[in-house]
Amino acid sequence: MLSLLLIILAATFFTGIIIRTKSIASGRKGPGIFQPIKDVIRLFKKGAVYSETTSFVFQIAPTIYFASVFVAMLVVPFGQSKGIISFNGDFIFFAYVLGLGKFFSIIGAMDTGSSFEGMGASREALYSMFAEPAFFILMGSLALLTGFTSFQEIFSALHLGSSISYALAVMAAIVFLLIAMIENSRMPLDDPKTHLELTMVHEVMILDNSGFDLGLILTAGYLKFAIYGAIIFNLFSGTIAFGYAIPMFFAMQLFLALAIGMIESFMARFRMNHNAQFIVVLSSVSLLIFFGALLVSGKFI
Amino acid sequence: MNLVLGFILIPVIAICLIPFLKLKGKAIVVYAAVSLIAGLTSYVAIKSLIGQVFDLTLQGSLVSGDIRLQVDALSAWFMLIINFVFITGGFYGLFYMSAYSNQPKNLSLHGILFVLLYTALISLCVIQNSIVFLIAWEIMALSAFLSIIFEHEKIATIKAGINYLIQSHVSILFLMIGFIWVASKTGSYDFNAIHSYSTASSPAISLMLYLFFFIGFAIKAGFVPFHTWLPYAHPAAPAHISGIMSGVMIKIGIFGILRMLLLINLDYTIIGSFILIISIVSGLYGVMLAILQHNLKKLLAYHSIENIGIIGIGIGLGCIGLGTNNPVLSSLGFAGALLHTLNHSLFKSLLFFTAGNVYQSTHTLDIEKLGGLAKKMPQTTILFLIAALAICGLPPFNGFISEFILYSGLFTSMHNATITSLIGIIFTITGLVLIGGLAIMCFTKAFGVVFLGNPRHEVHHKVEERPFAQLLPLYFIAAFIGFIGLFPNVFLDLLIRPVQLFTGLHHLPFVSFQGNGIDALAAVSKASWFLLAFVLLLLGIRKLVLHRKIVSISPTWNCGYTVPTAKIQYTASSFVKTYSKLLGMIFLIFKNGEKVVGVFPAAVHLETHPYDKIEKWFIDSPITNIKSFLGRFRFFQNGQLQFYILYGIIFIVAIISIPIIYDQVNLFIEFLKQL
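Note that the structure is predicted; figures quoted are calculated from it, not measured. (Residues numbered from 1 in each chain as written. Chains lettered and ligands numbered in written order. Predicted model: local features only at pLDDT ≥ 70, side-chain atom pairs only at ≥ 80, totals over all residues.)

1. Focus: the overall build of chain B
- Regarding its fold elements, chain B presents 25 helices and 5 strands.
- The principal-axis extents of the C-alpha atoms in chain B amount to approximately 115 × 70 × 60 Å.
- Within chain B, buried positions represent 52% of all 675 residues.
- Counting contacts in chain B only where the partners sit at least 6 residues apart, residues at least 24 apart contribute 78% of the total. (Helix = DSSP H or I, 4+ residues; strand = E, 2+ residues; numbered from the N terminus. Buried ≥ 20, exposed ≤ 12 C-beta atoms within 10 Å, placed from the backbone. Contact = placed C-beta atoms within 7 Å.)

2. So, the overall build of chain A
- Helix and strand content of chain A: 11 helices and 1 strand.
- Scaling as 2.2 N^0.38, a compact globule of 301 residues should have a C-alpha radius of gyration of about 19 Å, and chain A matches this with 19 Å.
- Along the first, second and third principal axes, the C-alpha atoms of chain A reach 60 × 40 × 35 Å.
- The 301 residues of chain A split such that 62% are buried.
- Long-range pairs, those at least 24 residues apart, make up 78% of the contacts in chain A with a sequence separation of at least 6. (Rg over C-alpha atoms; globule rule 2.2 N^0.38 Å.)

3. Thoughts on the nonpolar core
- Residues A:Ile179 and B:Leu121 are the most contacted members of the largest nonpolar core, which totals 334 residues.
- Those residues in contact with A:Ile179, other than ones at most four positions away along the chain, are A:Ala131, A:Ala134, A:Phe135, A:Tyr228 and A:Leu282. (Core = buried A, V, L, I, M, F, W, Y, C linked by C-beta atoms within 7 Å.)

4. Brief notes about the interface of chain A and chain B
- Taken together, the 67 residues of chain A in the interface contact 69 residues of chain B.
- Where the side of chain A that touches chain B is concerned, the elements lending two or more residues are strand E1 (48-51), helix H3 (56-75), helix H4 (90-110), helix H5 (115-146), helix H9 (211-237) and helix H11 (272-296) of chain A.
- Per-element tally for the side of chain A that touches chain B: the top contributor is H5(A), with 17 residues.

5. Focus on the domain arrangement of chain B
- When the domains of chain B are assigned, the result is domain 1 (303-551) and domain 2 (634-674).
- Placing a centre on the C-alpha atoms of domain 1 of chain B and another on those of domain 2 of chain B gives a separation of 65 Å. (Domains from an automatic or database assignment.)

6. Topic: the packing of helix H5 (residues 130-148) of chain B against helix H6 (residues 155-186) of chain B
Residues and elements named next belong to chain B.
- Interaxial distance between H5 and H6 falls to 10 Å at its minimum, and their mutual angle equals 175 degrees. The angle between H5 and H6 falls in the class roughly antiparallel. For the pair H5 and H6, contact is made by Ser130, Leu134, Trp137, Glu138, Ala141, Phe145 and Ile148 and by Ala160, Gly161, Tyr164, Leu165, Ser168, Ile172, Leu175, Met176, Phe179 and Ala183, respectively.
- Its residues placed into classes, the contact of H5 with H6 shows 13 nonpolar, 3 polar and 1 charged. (Axes fitted to C-alpha atoms, helices over the stretch in contact; angles between N-to-C directions. Parallel < 35°, antiparallel > 145°, perpendicular 65-115°, else oblique. Nonpolar A, V, L, I, M, F, W, Y, C, P; charged D, E, K, R; others polar.)

7. Some details on helix H12 (residues 296-323) of chain B
All names here are of chain B.
- Given a rise of 1.5 Å per residue, 28 residues ought to cover 40 Å, and the 41 Å separating the end C-alpha atoms of H12 matches this to within 8%.
- Most of H12 sits inside the fold, with 28 of its 28 residues counted as buried.
- Asn325, located one to two residues past H12, shows a positive phi value of around 55 degrees. (Expected span 1.5 Å × (residues − 1).)

8. Examining H5(B)
Residues and elements named next belong to chain B.
- The end-to-end C-alpha distance of H5 is 26 Å, a good match for the 27 Å that 19 residues give at a rise of 1.5 Å each.
- Here H5 has its buried residues at Ser130, Val132, Phe133, Ala136, Trp137, Met140, Ala141, Ser143, Ala144, Phe145, Ser147 and Ile148.
- On the buried face of H5, the contacting elements are strand E2 (67-71), helix H4 (104-126), H6, helix H7 (191-200), helix H9 (230-236) and helix H10 (239-263).

9. Thoughts on the confidence of the model for chain B
All names here are of chain B.
- On average, chain B scores 90 in pLDDT, and the residues at 70 or more come to 98%.
- The spread of mean pLDDT over the elements of chain B runs between strand E1 (residues 54-58), the lowest at 85, and helix H15 (residues 378-391), the highest at 95.
- The complex prediction reports pTM at 0.93, with the ipTM value standing at 0.95. (pLDDT = per-residue confidence, 0-100.)

10. Here's the deal with the environment of B:Glu464
Residues and elements named next belong to chain B.
- Along the polypeptide, Glu464 turns up in the loop between helix H17 (419-451) and helix H18 (468-486).
- When the 9 C-beta atoms within 10 Å are taken as the criterion, Glu464 is described as exposed.
- Sequence separation between Glu464 and Asn592 is 128 residues; the distance between their C-alpha atoms is 34 Å.

11. Quick notes on unusual backbone geometry
Residues and elements named next belong to chain B.
- A cis amide bond, omega 5 degrees, links Val224 with the succeeding residue Pro225.
- Of note, Pro225 is situated in the loop between helix H8 (203-221) and H9.
- Going from Pro395 to Pro396, the amide bond is cis rather than trans, its omega being 0 degrees.
- Position of Pro396 relative to the elements: it lies in the loop between H15 and helix H16 (398-412).

12. Some details on the pairing of E2(B)
Residues and elements named next belong to chain B.
- Judged by which residues are buried, E2 turns out to be one-sided: Ile67, Leu69 and Val71 face inward and are buried, whereas Arg68 and Gln70, on the alternate face, are not.
- Across 5 bridges, the pairing between E1 and E2 is antiparallel. Paired with Phe54 across the strands is Val71, a residue of E2. (Pairing = 2+ DSSP bridges.)

13. So, the environment of B:Ala572
Residues and elements named next belong to chain B.
- With respect to the helices, strands and loops of the structure, Ala572 is situated in helix H22 (residues 572-575).
- Overall, the presence of 25 C-beta atoms within 10 Å leaves Ala572 in the buried class.
- Residue contacts for Ala572: discarding those within four places in its chain leaves His294, Ile367, Glu368, Lys445 and Val449.

14. Examining the environment of A:Ala226
- Within the secondary structure, A:Ala226 sits in helix H9.
- If we ignore the near neighbours within four places in the chain, the residues touching A:Ala226 are A:Ile7, A:Ala10, A:Ala11, A:Phe14 and A:Gln253.

Given below as structure tokens:
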């Protein structure tokens, strides 16, 4: 329950901070950090325009996409306090429920019959396919390290005793951060602020969405950032008391948002055909973590 | 005894009646026979699944010995699956075949074969005598062959049929070798003889024996590299037959593999690793090629290979669990495999049936020519979507449950695993995840291109939804898919007895999730319910919100382009272009066409045909080699009668003279020795 509230709170400012960081880095003043939320509220109040090509799929897709992200959020714990849904193997559910959302966002894009949106859909399908193994190998290594198979138990048992496990946690944090970037189609893979449809991934998929639906999709994106931020925080939280953990949580989210803003300000987008290779690197890093976990758990003898 | 008599009499009477009836009568008799058999066998199967094993010995002939019939929990599970698919598939088939009502003779034959195929499949689950088993197996193979070539006037269909016929006989060959091997050593054709023979002989011999059976059954099941008949046979057959073939007939191969596991005493770790590796390869290879296919049914056929791979992963894990005395891994592995067998038979038959609807309405299966069916066939679209989500293993549908069981087995067995098995586990997990991701890519492509957007090809007749009666069985299947997804525990309970047969091999208990304090499947079902409820709630809110707002309809945004056509839509090939380029070394794609030249190029034409590399290596190249070798002896067959008479005379002379010469040579050698 606690994690739900905190993630929603973090989601309200996360994207705003990214945008603010980017504008300050480029010498502009930029909008306030709650501007994205204001945008969404405005969208919720608007009517909608639907393409004449679309069918019922286009109507339900954004809703299911949002629902999948929301349900995935319920699985994420906060330190000692469990998520609302918590069971052995809940991270499998987490990944697959996000997969459901992805499925619908892809077919929603295909429903418009636009070549641009098909392009984005194709890229999204490919990248998420490549990114998935990294998550599972990583969770597998953590399960091996701790001996548990649910998010909350893994994170609360993740004692950072030796220096190797610190290295592992840092590497895991990097992998999660990069997965978050892929999931949200952010900078090194996709430029959310680009103006050319041919080079977009996520933005081009939602070209035809408007009003309430677009609001849902944007909100889901904000939530996704905060969800991954929460997971990264959980890697380090261990058994810290709530009094310290909650401020730490917000500090962590703030730091991640700043980091993403800085990355986006000073890094150019990859060429499209380099993206797949970049994502495969993620799986290799997770394999490295897996071998690290083997080392720590003393299986290497 | 009466049950057996009834079981034999029903199909015999039906088969005798069918040719003499009018069309409607044929349909009624076929379906009545199918439902009667289904009722009868389900009764036996359910009794067996709750603990009353059916066991009966019939007096056989001198050759076969006594014929033992047995319905244990494993048989019962497969019989129930077969029954469900035949009941729904038969009903669907009645309407599907009504398009061919101008060929009554062909339909009689088809009806007879349908009943025969069904009877043979059920008998295979029951018979415990190798000779009778092989006879039933042959009946199944032949009736399936004749059902596939229903549209025999098409060359591609006949070719696919013959391909299937030959490969299924190669499979019979392997089974025969296995059975004869045992019979020659023990003198008995009973299945128990296999067990007693394998316990008495060394592990290496048991392993060899198992491998013969495995190859035989794997050809039927479609494990890579024995899968090459599947992608031809499934598209060629009528939709209900493809659904049944993919739904249950290839599962009889899985049944055989499992049955032999029960009978043959093996080193389970070795065989488990073997099955696991071959299954991961099958799963990945199947889905990788599925993505490239342009023909909807061929795409589904490759997905069958993928799903057989997932089932195989479960069996492999179960075996490894047995070998390493890990009750959790072995229980969850076999439970996942058996549940996925059921799940796959459901969503795959649903997919083939909906593909049949698409074919009947549009007369094409080429997905590049389809599009925009969601508006014309909304019910088929929803049914296909449900099946597609289920096959991708997404919650809240049934595919997720079986994959979740497999994942749980893998993750929970990590703690006390050795380093080698850990590496195996992590690669299995990676394989399963990749299979899932690729399946999502494949079905977003298939669904998106076939049902969404605008039609890519002009159809000169009206495309409309199939009649409701034809859709009725599909709704049943879809409901069942949802039911398993939302109430998985019911099925896990039903699986206790079948799985105990396997875990009992090493005296391991059946351990589901309870051991860890939390019953994970109950939680999964709760989460799925929650997801469903939340989606519905959100859709309600959306409706309320949009109710008061201005909602308008306008063309798709086209980047300022003013004359959009259906041609500028993304096609299936373009959707997977990056993917096929990235993994190019695995595929074999033939391209025919001209290059685009000049500033104002003329119209050009390009065709691509994905081909199966393994088929090229394992089937095509050996055949070409054998052909070219045997071609050297062609001059013998020159069509002149004189030569044939000459061959005959040479043969007779040889037959007479060779023994004489042999004796002479012997004499000469004796003579030499005396010197």
